[in-house]
Amino acid sequence: MSNISRRQILQAMGKGLAVFALVPFVGCDDSSKKASVESGLKAFSENLVLDGEVITGAHWGVLKATIKDGKVISSVNALQNSVSNPLHSTIADLIYTPTRIKYPMVRKSYLENPASPKPELRGADEWVRVSYDEAIALIAKELKATYKQKGKEGVFAGSYGWKSSGNLHNSRILLQRFMGMAGGYVGVTGDYSTGASQVIMPYVVGSIEVYEQQTSYPMVLDNSQVVVIWGADPMATLRNAWALNEGTGLDFFEKLKKSDKTLISIDPVRNMTCDYLGAEWIAPLPNTDVALMLGIMHTMLKTNQYDKEFIENYTQGFDKFSQYLLGKSDGVVKDSAWASKICGISAQKIESLAKLFFKNRTMLMSGWGMQRAHHGEQTHWALVTLACMIGQIGLPGGGFGLSYHYSNGGSPTATAPVVGGINLGNVSQGGAEWLMQGSENNFPLARIADALLNPGKSIQHNGKTITYTDIDFIYWAGGNPLVHHQDTNTFLKAWQKPRTIVVNEIYWTPTARHADIVMPITTSYERNDISMSGDYSNLHIVPMKQLVEKQFGAVDDYKVFCDLAKAFGVYDKFSENKSEMQWLEEFYNQALTQSKGLLLELPDFAKFWEANEPLQFEIPAESEAFVRYADFREDPILNPLGTDSGLIEIYSQTIEKYEYKDCPAHPTWLEPIEWLGMKDKPAEFALITSHPALRLHSQLANTSLRKEYAIGDKEPIWINPKDAQAKGIKTGDIVSVSNQRGEVLAGAFVTDAIKPGVVRLCEGAWYDPQEPGKVGSICKNGSPNVLTLDMPTSALANGNIAHTGLVNIKKYEGSLEPISVFTPPKGA
């Protein structure tokens, strides 16, 4: 692998010379298939390696695939990391799985009469194969009919999900680029991951924070004395990244494990990271993190062990918040005893945490699960306020971070040019800018079922009023909303409202099964692309080379939307008359141009592509020494935050003006709609829907990795031994998990790694109803969103509350039907 060092850069600067990053040529075993640079882009992109090793990538890593006789037989990490990642082995499974959608398919009732397509049969109807041209013509015809009848407000193209990696074959951007040029669409704001936090944090610290660069891993290793991992499981979630995972996060936690720091995991589950690090496990009741933080802060206030200078110089509104802590504003003192009764952690432990945090350089690493809860806006606001009282924000190894568990958020940024990618359009035509036709009626993503069910309804959102439109045509690409969204049965009712649903998909996912028209899409291993590794580090430029021929009738999203663009007369604007390889060369050349300013001379695109190796860039010392908020701490007047006051806002006057009853103007304990401490509980156990360790949400659910975790061929549910004994449940039993929203079957796993009264069912299991197409059917596979609540965090953010909810559990005594979601549906 080529490595451009900082020393080389400095030497070149001193000599006035450019630095060459030459990538060695890597030959193929079959010389007849070897492509030469001189033959041009077309030749070497069309000649696949039949026997040899080829570089590609995915969310879970930069990968090296071994190919024999034109078929992938194995895949491994192409980089040198200290921690292994089992997800690297999945390429062959993903290409050759029986769950592939092989050809364009149309639901039978829809094909017979698109004007009256019997949407209630979605998920139960049989499928009819049509030709590719027929499918394109049908989609174009029905989209034009919707535009005529409903306008752009009747078309939804706000697809959301972990689309395949790659800067060209970005399905969501391609879809919205086409729709914006064809006639417009309604989209969404926000996301499921950080729906509450990304809205509240701009009021608190002036940025969305959750996707920002963190104080670097080296600064934590060199300076932190106490590291608190609060509601996060990085050893599981850092197996993936939004772009290509460079693996530096897992490497960091391996080093953290070997350090002598005090490590604490605060989570109702003793998760993989807690066990891996040997951290102290503190297990509060689910949804009570704010109460725990308030108890810690009250202790700091009463003992006078908090940083008054930081509060005075860098924050706004602490005086009003302190009145709340002391109970002077509402008559309730938020002391350790009060907090203990709510969160289940002893008052003594709460008081000891207050002293530990203040007396030591402390880094609070928070996950996102705690803000995916009722009143989720309060959790990270309270965490930032706690960090303010500790007073170490802007110091090396101190403060807080909201992204250490995601995409290697503490990985220092390399001195690297950035590769370009496909965008939404807005191209110039004849000297004048040709603008896409978007919509002013976008709505918060987590409210999609509400929007489909209630056209014309108005909701409050972040200080504004939003009115839902009457959506009659949905085009989804790069996501699996039927598994992703809360309260599956309500979502199924909403999914029956539109007249037409088109899905571009690789596999027969639950969402594809509930569509009207399905287009068979290539895996990222059947097409060429390019990306960078490391969402924060930009450590490599990676060639994502096509490994095998396109399977069956699979086509690229790019081709689908190019052909639809022809039907709408916007092909030239959409495609800019560029082929796949021409786009990739353009994206690479954008980095090539930037490299001149960095005194780096990269190989030209042809040499880069032929070499079949990632380009790696050096991490400069200043990146390794990065401390978030250091400039702000040095001079808050010259380096103000983006808040109204320029300071960290513990009390927000803007939020106060909104007068939202479910989102007060400072961090506040608000009782969730369902939790273990409520009166008249509707069910017995708190449900935790954690990220899985051997999937990426619902991706990889159809690979051989499933054999490693499935119990009784179902998603496993964790239950404490005391609870299991009381229910007569043992490991391996099939159990029914239910509440008023639905019922699923799961395989019991009895473990002391979960707090009594709590059960864990990981999100992402494919929904598999016993009675296909029937709302309310039992899910045979244990999809937890059948059980979760679909209501907003608050009127401020309207995020999802998938981690708030109660369920009942009992040993299942009924007849068991085999899992069917991993075999093609009828007609397919």
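Residues numbered from 1 in each chain as written. Predicted model: local features only at pLDDT ≥ 70, side-chain atom pairs only at ≥ 80, totals over all residues. Heavy atoms only, no water.

You'll find the protein chain entered in an unreviewed UniProt entry as Biotin sulfoxide reductase, with Helicobacter cinaedi CCUG 18818 = ATCC BAA-847 given as the organism. For the protein chain, the Sequence similarities (unreviewed entry) comment in UniProt is given as "Belongs to the prokaryotic molybdopterin-containing oxidoreductase family." (UniProt positions renumbered as here; feature names shortened; annotations may be inferred.)

Colleague: Provide a residue-level description of the packing of aromatic side chains, including the pertinent values.
Modeller: Under the definition given, this model contains 38 aromatic pairs. With centroids separated by 6.2 Å and ring planes inclined at 35°, the aromatic side chains of Y217 and Y404 adopt a geometry described as tilted. Here Y217 is found in helix α8 (residues 217–223), whereas its partner Y404 is found in the loop between β15 (399–401) and β16 (428–429), with 187 residues between them in sequence. Comparing Y217 with Y404, the two get one shared label, buried. When the centroid spacing of 6.3 Å and the interplanar angle of 40° are considered together, the rings of F605 and F608 count as tilted. Of this pair, F605 and F608 both sit in helix α25 (residues 605–611), separated by three residues, roughly a single helical turn. The exposure class of F605 is buried, given its relative accessible area of 1%. Aromatic rings pair up to connect F156, F443, Y468, W476, F491 and W495 into one cluster. One Lys or Arg, K320, reaches over the ring of Y651 and ends 4.4 Å from the middle of that ring. A cation over an aromatic ring shows up here: R628 above the ring of Y629, its NZ or CZ 4.9 Å from the ring centre. (Phe/Tyr/Trp six-rings, centres within 6.5 Å; stacked < 30°, edge-to-face > 60°. Helix = DSSP H or I, 4+ residues; strand = E, 2+ residues; numbered from the N terminus. Buried < 20%, exposed > 50% of the residue type's maximum accessible area, 1.4 Å probe, protein only. Lys NZ or Arg CZ within 6 Å of the ring centre and 35° of its normal.)

Colleague: Before we move on, can you summarise the packing of helix α7 (residues 197–204) against helix α17 (residues 377–390) with the specific residues and values?
Modeller: Running from N to C, α7 and α17 cross one another at 40°; their axes reach a closest spacing of 8 Å. Classified by chirality, the crossing of α17 by α7 is right-handed. On α17, the residues touching S197, I200, M201 and V204 of α7 are E377, H380, W381 and V384. Grouping the constituent residues of the contact of α7 with α17 by class yields five nonpolar, two polar and one charged. (Axes fitted to C-alpha atoms, helices over the stretch in contact; angles between N-to-C directions. Left-handed = near helix turned anticlockwise from the far one by under 90°. Contact = heavy atoms within 4.5 Å. Nonpolar A, V, L, I, M, F, W, Y, C, P; charged D, E, K, R; others polar.)

Colleague: Let's hear about the UniProt feature "domain: Molybdopterin oxidoreductase N-terminal" (unreviewed entry) in the protein chain: which residues, and what values?
Modeller: Following the UniProt record, one finds the feature "domain: Molybdopterin oxidoreductase N-terminal" (unreviewed entry) at residues 56–96. As annotated, residues 56–96 comprises 15% helix and 44% strand, and the C-alpha atoms at either end are separated by 17 Å.

Colleague: Account for the side chain of R499, with residues named and values stated.
Modeller: Mapped onto the secondary structure, R499 falls in the loop between α20 (488–495) and β22 (500–505). Looking at R499, its side chain comes within polar contact range of the side chain of T146, at 3.4 Å. (Polar contact = N/O pair within 3.5 Å; in protein donor to acceptor, adjacent residues only side chain to side chain.)

Colleague: An account of helix α5 (residues 132–150) is requested, with residue identities and associated values reported.
Modeller: Spanning 19 residues, α5 covers 27 Å between terminal C-alpha atoms, matching the ideal 27 Å at 1.5 Å per step. Phi for G151, located one or two positions after α5, is positive at around 75°. (Expected span 1.5 Å × (residues − 1).)

Colleague: Account for the nonpolar core, naming residues and giving values.
Modeller: One recurring pattern in soluble globular proteins is that nonpolar side chains are buried together. Residues M179, Y475 and I541 are the most contacted members of the largest nonpolar core, which totals 174 residues. Filtering out sequence-adjacent residues up to four positions away, I541 remains in contact with P417, V419, I530, S531, M532, Y588, A591, L602, F608, P614, L615 and F617. Within the second largest apolar cluster, 52 residues are counted, among which are L452, A724, V744 and A746. (Core = buried A, V, L, I, M, F, W, Y, C linked by side-chain atoms within 4.5 Å.)

Colleague: Account for the confidence of the model for the protein chain, with residues named and values stated.
Modeller: Across the protein chain, pLDDT averages 93, with 93% of residues at or above 70. A low-confidence stretch, residues 1–45 (pLDDT under 50), is modelled with 91 contacts involving residues beyond four sequence positions or located in other chains. Across residues 427–434, confidence stays below pLDDT 50; counting only partners more than four residues off in sequence or on other chains, it has 14 contacts. (pLDDT = per-residue confidence, 0-100.)

Colleague: How would you explain the sheet that holds strand β12 (residues 280–282) if you had to name every residue and give the values?
Modeller: Working definition: the strands of a sheet are paired by backbone hydrogen bonds and lie parallel or antiparallel to each other. Spatially, the five strands line up as an open sheet ordered β12-β11-β10-β14-β15, and their pairing is parallel. Two strands close off the open sheet at either side, each with one partner strand: β12 and β15. Across the sheet, the mean angle from the axis of one strand to that of its neighbour is 20°, orientation sign disregarded. Two strands pair when backbone bridges link them, and strand β11 (residues 262–266) and β12 are joined in this way by three bridges, in the parallel orientation. Its bridge partner being in β12, I264 is matched across the sheet by E280. (Pairing = 2+ DSSP bridges.)

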